[in-house]
Amino acid sequence: MTLPLLLAAGGAAAATPDWVRLAYLVAGICFVLALRGLSSPASSRRGNAYGMAGMGIAVVTTLVTHDLASLPEILVAILLGGAIGLTVARRIAMTAMPQLVAAFHSLVGLAAVLVAAAAFVNPGAFGLLDAGGQILTVSRIEMALGAAIGAITFSGSVIAFAKLNGSMSGAPILLPARHLINLGTIAAIIAMTIAFALSGAGGAGESPLFWIILVAAFAVGFLLIIPIGGADMPVVVSMLNSYSGWAAAAMGFTLGNTAMIITGALVGASGAILSYIMCRAMNRSFISVIAGGFGQDGGGGGDKGPALDRPYKAGSADDAAFLLGQADKVIIVPGYGMAVAQAQHVLREMTDLLKGKGVEVKFAIHPVAGRMPGHMNVLLAEANVPYDEVFELEDINSEFAQADVAFVIGANDVTNPAAKTDKSSPIYGMPVLDVEKARTTLFIKRSMGGAGYAGVENELFYKDKTMMLLADAKKMVEEIVKALD
Amino acid sequence: MTLPLLLAAGGAAAATPDWVRLAYLVAGICFVLALRGLSSPASSRRGNAYGMAGMGIAVVTTLVTHDLASLPEILVAILLGGAIGLTVARRIAMTAMPQLVAAFHSLVGLAAVLVAAAAFVNPGAFGLLDAGGQILTVSRIEMALGAAIGAITFSGSVIAFAKLNGSMSGAPILLPARHLINLGTIAAIIAMTIAFALSGAGGAGESPLFWIILVAAFAVGFLLIIPIGGADMPVVVSMLNSYSGWAAAAMGFTLGNTAMIITGALVGASGAILSYIMCRAMNRSFISVIAGGFGQDGGGGGDKGPALDRPYKAGSADDAAFLLGQADKVIIVPGYGMAVAQAQHVLREMTDLLKGKGVEVKFAIHPVAGRMPGHMNVLLAEANVPYDEVFELEDINSEFAQADVAFVIGANDVTNPAAKTDKSSPIYGMPVLDVEKARTTLFIKRSMGGAGYAGVENELFYKDKTMMLLADAKKMVEEIVKALD
Amino acid sequence: MDFISILSIFVLACFVGYYVVWSVTPALHTPLMAVTNAISSVIIVGALIAAAAAGSPLAKWLGLAAVALASVNIFGGFSVTQRMLAMYKKKERKG
Amino acid sequence: MDFISILSIFVLACFVGYYVVWSVTPALHTPLMAVTNAISSVIIVGALIAAAAAGSPLAKWLGLAAVALASVNIFGGFSVTQRMLAMYKKKERKG
Ligand SMILES: NC(=O)c1ccc[n+]([C@@H]2O[C@H](COP(=O)([O-])OP(=O)(O)OC[C@H]3O[C@@H](n4cnc5c(N)ncnc54)[C@H](OP(=O)(O)O)[C@@H]3O)[C@@H](O)[C@H]2O)c1
Ligand SMILES: NC(=O)c1ccc[n+]([C@@H]2O[C@H](COP(=O)([O-])OP(=O)(O)OC[C@H]3O[C@@H](n4cnc5c(N)ncnc54)[C@H](OP(=O)(O)O)[C@@H]3O)[C@@H](O)[C@H]2O)c1
């Protein structure tokens, strides 16, 4: 495609008044400031306010500068959507965050599809027509790509939601020849997009290719995500997030809209970086995640994994309470099991009691503890644990050697020393928390049989200085609290 | 000024072909990558290559797209300038970096003045004329501001160079009522700029106001910097750097040139951030630096400062060699005196000998050790000290407690505990290196009388576990090397 | 806006995105996911254009549906983020 | 390029500048000063325009002088930076 051709894309938008373009720029900058605020909890609330302001500016500017044939309907749509959104946001449990993000995500995808379809049906409203009354070639490409990415995001996120929410089994569903089918469908979409772009001869709304692309894309989203295990869903959600960002940026090119371009770049970068962080912390390649088949069950269920009859030291809540009460320094390592059991509140009570007895208590968070980035931090924050008692892996790992008790609650993989020593282990190379350096290590889990997300045996359970507390995390901590009182 | 008026500014540049604008964008991105490379020594050389590539792209693009009435002269100018630049860059001693930066800096300022003057004399070549053949109002403003900032940068940097180079005394020269004079002149420049902008009636080249603004700006640069002490010059140079960045950005607005805009923002940010870092590390406000009168002598000369007859423990090179040779762990703290004495090479020899004896040696660098940011790092790198043995304050400060010897060579203020304890001290609040926590502290300086840059007494000199090695740093270390051999 | 300007803005925005996301503290990665979700609903701009335009009823209803979906996300996303962020507290008022 | 496009580019470039400079390691602050010096000589673009234009001999000579000054800076700045950076080495080949 030559430059002059591409250049024509912005033709219509060039007529936009200056103040409007300035407003969209300001909206984009507000979004930058929204993410910037997240660099510390203290500034984060102001950041969120910037985000809302930016969205307000973008919406109002658009409403004011377009002809408002259907203002009442629009207001109804906003109010309806807003009411649903607010209700969901207020009611949702913090432990359900991964699902919620996936669900919201599917909505963005679907909205993108609808906008692309609307642009295809009524290109004149978007200023996408050339002199001959046909949709510009470049707009066709952007439109088809926008619709396809939106559709993939939608159906992919729906599956991710279902797997995370337990509405469907998290087990990977492996079709035969799935890689071939997927690659074939994607190739077909690309070919059809090119054909659609070159089909300038048909008037607006006439080519059925657009709709065929859409259906194929919905199918691809479904096929791509189905074979990926439930526990890998956070990486998938983040990846889809990134895609949808690039799709928004593409639409920004079409409309010459700075706010969309900036948002697209921000969201695209955010999704990509979070996927990268997760993959790196799990020491897996992005390709291996996407190829699927890993991570048997998002719930870390109790009936799979190794169940050898090896000796281990079991303890009761009273034993644990005694050890904790005697300690000078306790480091708590929460994991996915704490989230499942919703044990964060009672855990906070326990730490308050310990602090009352003069015990120094700190929390150690592994970058991929739980099932989404920052998962543990949100839950602890919900339970009113001050964030300055919560430490990242690099900042606290050297302190285990000085701790009397490492209190591991529902975490497994993130403490597994096999990651340091066993080259054949699937988690080899992942950084782990050195809980075994503490004088005593306590593990709360429901059974010796249940493995973690990676499905590998943890040698620490059988060490002399380890004590296993086998029960649901919430119940166990409640009993410890009673014993401490 | 209304938006449509401002909008007209880019009118001429809008005719630029697309590939040219793309080329300037690429050049700008190259400059971003050049600075990005400096995030680690390993990537820094590639970064510098990006910078050169970007400059090459910008120059070639400009040459190719303008009518070349005087190509031979231009080539001669480039070759001449380039030859001088290369010669200076090859010959300069690393200890003279602060001066060199100031000198190069004055050249940028002067070049900006010349370009602004050329644009004023021949506005047509820059596309700055309106329909009536007059210079656009907005271009007048940008031109006058560009010239003024350039002139201030030039004369300010010349003074900074002279003070840093020792060509003139570093002592602040305090004119009576200087704040009044400066503010008055600056106000006059602003007033004249407005008058110049509104003087649309006179044809191009006719208004003498432009030249008056220029002369006044040269004077301001001179007057502003004269009262600032020699040792504050690095902050000044960095500040002028920032200004010249914003001036380049302003010119980028005039010419609609992306490379200039991006460069301007980068350089502007860099200068501002480095000034901020220096001021913060010295715990002084930017205003107090600019107001001047601080920092008596850039050379930290030997005849000023406190010269009490207090008892102290003096040592010889043999004593030092004995202590160092017996140690398990030595931390070396270099300061301005090491730079003055050019002792870095022999210091490296000394550390090699110590390492040969099995002593662990590390370097601790205070953020404002020496006289410019990163000063010590460059000198140590010059002497082939590997950069992974050189640590920042935050990373090493806790290690002094485990060190047997803290070897302070030509540093003073950056070790002064008064910064932690004495609220009345001018350096109170500045973070310092905890050299007194080491088992023994050795100080190399020329005399007990000579104070550091801040001119305050250092109580550590009189402590029991301190040993003073009074001599030129280079000579002293040479003798220690002999004693160790 | 012409293509080169848009491209310039896009390229610089990618740099900004890269840096700004890396500067987010890991403890706030979950709110980050929620807020990027909310701001990516800026495609509501496109939905509003479609919904507001006269001419094609089909496009209008597609647009209105998109407005509603995006609104769920905007209101839901920002308010759930706010709810999360309100929970991050410093030491002082511990229980 | 129109004013709003330029302004957008400038604003985003300021963000990029802010982040990119903060990410420079303190050990390389001296090379940073040298290299910003070199790249700020991009005003040579303006100097070349003045020098290349026919019409005003005065403007031409002003331009040529600016070209020469900026060239000192470009060649000097990049090469002194390169010289400095070449000195930063890792452990391996210590003396
Ligand atoms: N955070 C992320 O972004 C992310 C993303 C994708 C994947 N992952 C992966 O997720 C894993 C996270 O590691 P993790 O240590 O937090 O979790 P984990 O390794 O999955 O272990 C969870 C542990 O909690 C126990 N558990 C489950 N429900 C429980 C309950 N109600 N009460 C008490 N214990 C319960 C399980 O044992 P029982 O079944 O015996 O109770 C298991 O030992 C890593 O492998 C990581 O790679 C994380
Ligand atoms: N790095 C920056 O960016 C920057 C910028 C602006 C200001 N500053 C300021 O500069 C100061 C830097 O602190 P610093 O500890 O490095 O230096 P300092 O406090 O200025 O002390 C220098 C010491 O070196 C000694 N000395 C000078 N020449 C010597 C020679 N030839 N041989 C041996 N010793 C010699 C001096 O004592 P004798 O005279 O007795 O020998 C003095 O004790 C700070 O106050 C900082 O705020 C730094």
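Given the structure is predicted, the values throughout are model-derived calculations rather than measurements.

With that settled, consider the site of ligand 2. Residues and elements named next belong to chain B. Around ligand 2 there are 31 residues in total, and Arg-371, Asn-412, Asp-413, Arg-446 and Ala-473 lie nearest to it. Lys-445 is positioned with one of its side-chain polar atoms (N or O) 2.9 Å from an oxygen atom of ligand 2. Between a nitrogen atom of ligand 2 and a side-chain N or O atom of Asp-472, the distance comes to 2.9 Å. Contact with the protein chains removes 99% of the 920 Å² of surface that ligand 2 exposes when unbound. The set of elements that each furnish at least two residues to the shell around ligand 2 consists of helix H10 (258–282), helix H13 (336–341) and strand S5 (440–445). For the shell around ligand 2, the leading source of residues is H13, giving 4 residues. When grouped by side-chain class, the residues that make up the shell around ligand 2 number 17 nonpolar, 9 polar and 5 charged.

Moving on to the side chain of Thr-258 of chain B. Among the secondary structure elements, Thr-258 of chain B is positioned in helix H10. A residue is classified by how much of its surface remains accessible, and Thr-258 of chain B, at 2% relative accessible area, is buried. For Thr-258 of chain B, the residues in contact, after removing those within four places along its chain, are Tyr-24 and Leu-25 of chain B together with Met-1 and Ile-9 of chain D.

What follows covers the interface of chain C and chain A. Contact with chain C, which involves 83 residues of that partner, is made by 108 residues of chain A. Taken together, the two surfaces of chain C and chain A that pack against each other cover about 8,600 Å², and 77% of this comes from carbon and sulfur. For the interface between chain C and chain A, the tally reads 1 salt bridge. For Glu-73 of chain A, the salt bridge identified is with Lys-60 of chain C, shortest N-O distance 2.8 Å. Elements represented by at least two residues in the side of chain C that touches chain A include exactly helix H1 (3–22), helix H2 (29–39), helix H3 (44–52) and helix H4 (57–87) of chain C.

Next up on the list: a negative patch on the surface. Residue and element names in this part refer to chain A. Taken together, the side chains of Asp-318, Asp-319, Glu-349, Glu-478, Glu-479 and Asp-485 present a region of like negative charge at the surface. Elements with a minimum of two residues in the negative patch: helix H12 (317–326) and helix H18 (473–484). Along the chain, the position of Glu-349 falls in helix H14 (residues 344–356).

Once that is clear, we can look at the nonpolar core. In a soluble, globular protein the nonpolar side chains are often hidden away together inside. Among the nonpolar cores identified, the biggest contains 411 residues, and Met-350 and Phe-407 of chain A together with Met-350 and Phe-407 of chain B are the most heavily contacted of them. Among all residues touching Met-350 of chain A, those that are not within four sequence positions of it are Leu-324, Ile-332, Phe-407, Val-477, Ile-480, Val-481 and Leu-484 of chain A.

Let us now look at the confidence of the model for chain C. Mean pLDDT over chain C works out to 90, with 96% of the residues at or above the 70 mark. Interface confidence for the predicted complex, expressed as ipTM, amounts to 0.88; the pTM equals 0.88.

Quick look at the sheet that holds strand S5 (residues 440–445) of chain A now. Residues and elements named next belong to chain A. With parallel pairing, 6 strands are arranged side by side in an open sheet as S3-S2-S1-S4-S5-S6. Edge positions in the open sheet fall to strand S3 (390–392) and strand S6 (466–470), since each of these has one partner strand only. Going across the sheet, the axis of each strand differs from the next one's by a mean of 25°, ignoring polarity. Two strands pair when backbone bridges link them, and strand S4 (residues 405–409) and S5 are joined in this way by 5 bridges, in the parallel orientation.

What counts and what doesn't
Residues numbered from 1 in each chain as written. Chains lettered and ligands numbered in written order. Predicted model: local features only at pLDDT ≥ 70, side-chain atom pairs only at ≥ 80, totals over all residues. Heavy atoms only, no water. Near = heavy atom within 4 Å. Polar contact = N/O pair within 3.5 Å; in protein donor to acceptor, adjacent residues only side chain to side chain. Areas by Shrake-Rupley, 256 points an atom, 1.4 Å probe, with all protein chains shown as cover. Helix = DSSP H or I, 4+ residues; strand = E, 2+ residues; numbered from the N terminus. Nonpolar A, V, L, I, M, F, W, Y, C, P; charged D, E, K, R; others polar. Buried < 20%, exposed > 50% of the residue type's maximum accessible area, 1.4 Å probe, protein only. Contact = heavy atoms within 4.5 Å. Buried area = accessible area lost by both parts, 1.4 Å probe. Salt bridge = Lys/Arg side-chain N within 4 Å of Asp/Glu carboxyl O. Patch = residues over 30% accessible without salt bridge, like charges linked within 9 Å, V, L, I, M, F, W, Y side chains within 5 Å. Lys, Arg positive; Asp, Glu negative; His and termini not counted. Charge placed at Lys NZ, Arg CZ, Asp CG, Glu CD. Core = buried A, V, L, I, M, F, W, Y, C linked by side-chain atoms within 4.5 Å. pLDDT = per-residue confidence, 0-100. Pairing = 2+ DSSP bridges. Axes fitted to C-alpha atoms, helices over the stretch in contact; angles between N-to-C directions.

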